[in-house]
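Here's the letter readout for the chains.
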Amino acid sequence: MNGWAALDTELERWRRAGRVATFWWRDDDAAALVPNLERLVQLLAPIPAAFAVIPGRLTAETRRLLSTGDVAVLQHGFSHDDHGDGEPVELTDGRPLAVVQDELRRGWAALSATFGKQALPVLVPPWHRIGPKIESSLAAWGFSGISRFCPRERRMQHGLTVVNTHVDLMQWDRPPRFAGEQQVLDQLLTHLQARRQGEVDSEEPTGLLSHHRTTCNASFALIEMLLNRLSGRDEVRWVPAAAAFGSG
Ligand SMILES: [Zn+2]
C-alpha cells in the first residue's frame, strides 16, 4: 500500500471509531523575511498555523507579514545562537541562569508588544535542546507551554503544557534536505496509529514541523498535497496553537 492509501485507511479507522484526528502546524526560525516565509504563510492560510519566531532576529518586514496573517506566534529562544561546546544549543545550563532569563524575558516582551494576542507564552527551544535548570524555571518566568519533537510523555511538565511536533519535513543531514514524501507519510502514519492504539498520548495533536528557510519546491508541493488530502474530512481537525496549549 502506498503512503497516501495507508493514510486514507488510517483516517478511515478514526472515522469508523467516531474519533477525530487532531493536527497542528509549527514552522520554525522566522527572523528576517525571505520569500519562502511569504510562500508558506500563504500556503498554510487555510489552517491555523503557528510560527516559532526568533525575537532577537525579527525584522520589521517579518513582523508585518506575521501580524497581518491569522497565525500564532511562539518564542523560538532569543537569538538562536549556539552557546554549546558540542551539539548546538542556545538554552544551555552552561550559561548563567540570570542571563538566559533576561534574554528570554526581553524576547517575550518584544513578541508580546508586537503581536499582542497572537503571541503565546510558549517556548520552542532552538534545536529542541534545553538545560534542565532552565526548563524547570520557565513557568516561574511566565511561560505556560513548551514545544519540541517526539510524542509527549505527559501533558504537563514543570508547570508547562507540552505540545510537540511529530512529523519533520526535513532530514537533518549536512546539508539538511527534504525528508521526502514517503518518510513524511511514514511519520504521520506512525503517530496516528500510536495515538489510536493508545501507545502515546492520544490527546496530543499530531504536529507537523516545517523550516521555511530550507523548504524546497518538492516540499512545498507535498505540503499542498497534505493539506488537500486532509481537508473536508469530518474525522480531521486542525487545532489552533492557542487551543492546543490551553489558552484559547
Ligand atoms: Zn530553530
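Residues numbered from 1 in each chain as written. Predicted model: local features only at pLDDT ≥ 70, side-chain atom pairs only at ≥ 80, totals over all residues. Heavy atoms only, no water.

Asks: How do you make sense of the packing of aromatic side chains when you look at a structure like this?
Replies: What describes a pair of aromatic rings is the distance from one ring centre to the other and the angle between the planes of the rings. In total, this model carries three aromatic pairs according to the counting rule given. Consider the rings of Trp25 and Trp238, whose centres lie 6.2 Å apart with planes at 40°: the pair is tilted. Of this pair, Trp25 sits in strand β1 (residues 21-30) while Trp238 is found in strand β12 (residues 236-238), placing the two residues 213 residues apart along the sequence. Summarising the burial analysis for this pair, Trp25 and Trp238 share the class buried. The ring of Trp14 has Arg19 lying over it, and the distance from NZ or CZ to the ring centre is 4.7 Å. For the cation-ring pair, Arg39 lies above Phe220, with the distance from its terminal atom to the ring centre recorded as 3.9 Å. (Phe/Tyr/Trp six-rings, centres within 6.5 Å; stacked < 30°, edge-to-face > 60°. Helix = DSSP H or I, 4+ residues; strand = E, 2+ residues; numbered from the N terminus. Buried < 20%, exposed > 50% of the residue type's maximum accessible area, 1.4 Å probe, protein only. Lys NZ or Arg CZ within 6 Å of the ring centre and 35° of its normal.)

Asks: Would you mind showing me how to read the coordination of the zinc ion here?
Replies: Each angle at a metal carrying four tetrahedral donors should ideally be 109.5 degrees, and each at a metal carrying six octahedral donors should ideally be 90 or 180 degrees. Bound to the zinc ion are the protein donor atoms Asp29 (OD), His76 (NE2) and His80 (NE2), situated 2.1 Å from the metal. In the primary structure, the donors to the zinc ion are separated according to the pattern D-x46-H-x3-H. On the basis of relative accessibility, which here comes to 2%, the residue His76 falls in the buried class. (Donors = N, O, S within 2.8 Å, 3.2 Å for Na, K, Ca; no water.)

Asks: Is there a simple way to think about helix α1 (residues 3-16) in this case?
Replies: Here α1 contains 14 residues, and its C-alpha end-to-end distance of 20 Å stays within 8% of the 20 Å for a straight helix at 1.5 Å per residue. When α1 is considered as a whole, its buried residues turn out to be Gly3, Trp4, Ala6, Leu7, Glu10, Leu11 and Trp14. Buried residues of α1, viewed axially, fall in a sector of 160°; they line one side. Buried-residue contacts for α1 involve β1, α6 (181-196), α7 (217-230) and β12. One side-chain oxygen at the N-terminal end of α1 lies 2.9 Å from the backbone nitrogen of Trp4; it belongs to Asn2. Taken from the residues just after α1, Gly18 is the one with a positive phi, measuring 70°. (Expected span 1.5 Å × (residues − 1). Arc of directions from axis to C-beta. Contact = heavy atoms within 4.5 Å. Polar contact = N/O pair within 3.5 Å; in protein donor to acceptor, adjacent residues only side chain to side chain.)

Asks: How should I be thinking about α6 in this particular structure?
Replies: What sets the pattern is the α-helix's 3.6 residues per turn: residues three or four places apart point alike. When the terminal C-alpha atoms of α6 are compared, their 22 Å separation across 16 residues agrees well with the 22 Å that a helix rising 1.5 Å per residue should span. All buried positions along α6 are accounted for by Val184, Leu185, Gln187, Leu188, Leu189, His191, Leu192, Ala194 and Arg195. Against the buried residues of α6 lie α1, β1, β8 (167-168), β10 (177-178), β11 (206-211) and α7. Just downstream of α6, Gly198 is the residue with a positive phi angle, here 75°.

Asks: Whenever I open this one, the pattern of salt bridges confuses me. Can you help?
Replies: When charged atoms on two side chains of opposite charge get close, those side chains can pair. In the structure shown here, the tally under the stated rule is 16 salt bridges. Residue Arg16 is joined to Glu12 by a salt bridge in which the shortest nitrogen-to-oxygen separation is 3.8 Å. Placement of both Arg16 and Glu12 in helix α1 is noted, with a separation of four residues, approximately one turn of the helix. We classify Arg16 as exposed; its relative accessible area is 60%. With relative accessibility at 25%, the residue Glu12 sits in the partly exposed group. Put simply, Asp201 and Arg152 hold a salt bridge, and the shortest N to O gap is 2.7 Å. On the criterion of sequence distance, the pair formed by Asp201 in the loop between α6 and β11 and Arg152 in the loop between β5 (145-146) and β6 (156-157) is long-range, its members being 49 residues apart. (Salt bridge = Lys/Arg side-chain N within 4 Å of Asp/Glu carboxyl O.)

Asks: Would you mind going over the side chain of Ser210 with me for this structure?
Replies: Relative to the helices and strands, Ser210 resides in strand β11. For Ser210, the side chain forms a polar contact with the side chain of Trp25, separated by 2.9 Å. Other than its neighbours up to four places away in sequence, Ser210 contacts Trp25, Arg26, Asp27, Asp28, Leu40 and Leu169.

Asks: When you look at the environment of Pro205 in this model, what are you seeing that I'm missing?
Replies: Mapped onto the secondary structure, Pro205 falls in the loop between α6 and β11. Residue classification places Pro205 among the buried residues on the basis of a relative accessible area of 6%. Between the C-alpha atoms of Pro205 and Phe51, which are 154 residues apart in sequence, the distance is 16 Å. Discounting chain neighbours no more than four positions away, the residues touching Pro205 are Thr22, Phe23, Trp24, Val163, Asn164, His166, His191, Arg195 and Ala244.

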